[in-house]
Amino acid sequence: MELEEAVCHEKPVPCDVVEKAARDILKERGVEISDIAQIVYDMQAKYVPNLSMEDCYESSDAVLSKREIQHAILVGVELDKLAEKNMLSEPLQSLVDTDEGLFGVDETIALGSVFGFGSIAVTTFGFLDKEKVGIIKTLDDKGKEDECHTFLDDLVASIASSASARLAHRLRDREENKRKEDIDAREDEELIG
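We now turn to the structure provided with this report. (Residues numbered from 1 in each chain as written. Predicted model: local features only at pLDDT ≥ 70, side-chain atom pairs only at ≥ 80, totals over all residues. Heavy atoms only, no water.)

**Some thoughts on the overall build of the chain**
Heads up, the rule is: To qualify as a helix, a DSSP run of H or I must reach at least 4 residues; to qualify as a strand, a run of E must reach at least 2; elements of each kind are numbered from the N terminus. Each residue gets one of three labels from its accessible area relative to the maximum for its type: buried under 20%, exposed over 50%, partly exposed in between, using a 1.4 Å probe on protein chains only. Contact criterion: two residues are considered in contact whenever any of their non-hydrogen atoms come within 4.5 Å of each other. Here, Shrake-Rupley sampling with a 1.4 Å probe gives the accessible areas, and only protein chains in the shown set may cover a residue.
For the chain, the count of helices and strands is 11 helices and zero strands. Written out in order from the N terminus, the α and β elements of the chain read α-α-α-α-α-α-α-α-α-α-α. Expressed as a percentage of its 193 residues, the buried residues of the chain come to 41%. At a minimum sequence separation of 6, the contacts of the chain that also span at least 24 residues come to 69%. When the accessible surface of the chain is totalled, it reaches about 10,600 Å², and 53% of it is carbon and sulfur.

The structure is reproduced here in structure tokens:
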């Protein structure tokens, strides 16, 4: 079912349509899951001996399946795209276009989507927002040139933070020899969206 059809008939937008749109828009803006997985690896490797990139990728991919994250991506990137086309009203256009230092709505949207993954995700988000690691730095730098990534850089930090926290909890559960089914079930119970 196409998005336009769902909107025209006032039916809820199917979750697979929303997820595909969020994933597609990340790719369109130059962000691959492997870029996010690299940040997760960089954040967790010092705490986890023998950490695999596969685990980091799987966790990043799983976070992208959460509605809260998908919605944040769609809203934030749409605002970035509108700013690139000078389609926002002033003074919002200037605030978004210049990534004004005191404009915290970009961080607020991104931070809102990490709460489902606990305090580790929140503190990791703060670190990534400040340090601009990996693709986050690339997006932030590009946003100062000809593109606007005011929201996207923070959203990627949010995804990586959530994936890092998710991975940390799952690895602890594995250490405690919990069954994969039990780990998955607990995650589904604890997370919204």
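**Here's the deal with the side chain of arginine 29**
Structurally, the position occupied by arginine 29 is in the loop between helix H2 (15–28) and helix H3 (33–44). With sequence-adjacent residues up to four places away left out, arginine 29 is seen in contact with Val77, Asp80, Lys81, Glu84, Leu139, Cys148, His149 and Leu152.

**With respect to the packing of aromatic side chains**
Heads up, the rule is: Only the six-membered ring of Trp is used, alongside the rings of Phe and Tyr, when aromatic pairs are assigned; centres must lie within 6.5 Å, and planes under 30 degrees apart are stacked while those over 60 apart are edge-to-face, with the rest tilted.
Counted according to the given criterion, the structure contains one aromatic pair. Relative to phenylalanine 151, the ring of phenylalanine 103 has its centre 6.2 Å away and its plane inclined at 85 degrees; by these criteria the two rings are edge-to-face. One end of the pair, phenylalanine 103, is in the loop between helix H6 (92–97) and helix H7 (105–112); the other, phenylalanine 151, is in the loop between helix H9 (135–142) and helix H10 (152–175), and 48 residues separate them in sequence.

**Some details on the packing of H2 against helix H5 (residues 67–84)**
Threshold: Helix axes use the C-alpha atoms of the stretch in contact, all axes being lines fitted to C-alpha atoms, and the angles between their N-to-C directions lie in the range 0 to 180 degrees. Our angle categories are set so that under 35 degrees counts as roughly parallel, over 145 as roughly antiparallel, 65 to 115 as roughly perpendicular, and the remainder as oblique. The sense of a crossing depends on the near helix, which, turned anticlockwise from the far helix by less than a right angle, makes the crossing left-handed and, turned clockwise, makes it right-handed. Three classes are used: nonpolar for Ala, Val, Leu, Ile, Met, Phe, Trp, Tyr, Cys and Pro, charged for Asp, Glu, Lys and Arg, and polar for all others, with Gly counted as polar.
Packing of H2 against H5 leaves a shortest axis separation of 9 Å and a crossing angle of 45 degrees. Classed by the angle they form, the pair H2 and H5 counts as oblique. Once H2 is placed against H5, the crossing between them reads as left-handed. Every residue of H5 that contacts H2 at Cys15, Val18, Glu19, Ala21, Ala22, Ile25, Leu26 and Glu28 is listed here: Arg67, Gln70, His71, Ile73, Leu74, Val77 and Lys81. For the contact of H2 with H5, the residue count by class is nine nonpolar, two polar and four charged.

**Considerations on the packing of H3 against helix H4 (residues 53–63)**
The contact between H3 and H4 brings their axes to 8 Å, and the two run at 120 degrees. The two elements H3 and H4 meet at a crossing, and its hand is right-handed. Counted together, Ile33, Ser34, Ile36, Ala37, Gln38, Val40 and Tyr41 of H3 and Met53, Cys56, Tyr57, Ser60 and Asp61 of H4 form the full contact between these two elements. Looking at the contact of H3 with H4, its residues break down into eight nonpolar, three polar and one charged.

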